[in-house]
Amino acid sequence: MSSAEPAARQALLAHLQAELTQTIAAGILFQQAVADRLGLSLGDFKSLTALTAIEHATAGDIAAQTGLTTGAVTRMIDRLERDGWVRREHDRQDRRRVLVRPVPERQAEIRPLFEGMSEAWAQALAEYDDDQIAMVLDLFGRMREVAREQAALLREPSPDP
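All of these numbers come straight from a predicted model, not from anything done at the bench.

Caption draft 1: A look at the overall build of the chain. Scanning the chain from N- to C-terminus turns up seven helices and two strands. When the helices and strands of the chain are listed from N to C terminus, the series reads α-α-α-α-β-β-α-α-α. Expected size for 161 residues packed as a compact globule is a radius of gyration near 15 Å; at 19 Å, the chain overshoots this value by more than 25%. Along the first, second and third principal axes, the C-alpha set of the chain runs to 60 × 50 × 30 Å. Long-range contacts, defined as pairs at least 24 residues apart, comprise 43% of the intrachain contacts of the chain with a sequence gap of at least 6. Summed over all atoms, the accessible surface of the chain reaches about 11900 Å², with 57% contributed by carbon and sulfur. For the chain, the centre of its 19 positive side-chain charges and the centre of its 25 negative side-chain charges are spaced 9 Å apart.

See the structure below:
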């Protein structure tokens, strides 16, 4: 833990929060540029990348992960399927269950759009040792959980005033 004075620590934490906010905003703008290049809305692209990370999901799984309604997710899946990004398949264990899977050939179109960013990240991280990178990974994991928790709170109905 730092020995910084409380005021100095508060200023440092405020600076970190401001930097995180701007970094997230820049990331969203980058993802919007990728989505535009692929002819997708940002929401469809983000759902597609989330699906890619888990390989397959039901519409309900996607709704739970994204906070979208099942109706909105069904329309999104319809668009992505129409454009060849995903396919619906019956679950082998439960034929009543429909799984949504990304189409690998279409996924291959996304990777090149991230190559420049990946190379730039590698250069930016080259000066950090493994312990520092591990700390950043821990921070990002914690921040991701905080973001998910806060999003869930915002989705709850507002209490009556």
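Caption draft 2: Examining the pattern of salt bridges more closely. Enumeration according to the criterion identifies 11 salt bridges in this entry. For Asp-94, the salt bridge is made with Arg-96, and the minimal N-O distance between the two is 3.0 Å. Exposure remark for Asp-94: the relative accessible area of 24% places this residue in the partly exposed category. Connected through salt bridges with shared partners, the residues Asp-78, Glu-81 and Arg-88 form a single ionic network.

Cut-offs used in this document
- Residues numbered from 1 in each chain as written.
- Predicted model: local features only at pLDDT ≥ 70, side-chain atom pairs only at ≥ 80, totals over all residues.
- Heavy atoms only, no water.
- Helix = DSSP H or I, 4+ residues; strand = E, 2+ residues; numbered from the N terminus.
- Rg over C-alpha atoms; globule rule 2.2 N^0.38 Å.
- Contact = heavy atoms within 4.5 Å.
- Areas by Shrake-Rupley, 256 points an atom, 1.4 Å probe, with all protein chains shown as cover.
- Lys, Arg positive; Asp, Glu negative; His and termini not counted.
- Charge placed at Lys NZ, Arg CZ, Asp CG, Glu CD.
- Salt bridge = Lys/Arg side-chain N within 4 Å of Asp/Glu carboxyl O.
- Buried < 20%, exposed > 50% of the residue type's maximum accessible area, 1.4 Å probe, protein only.

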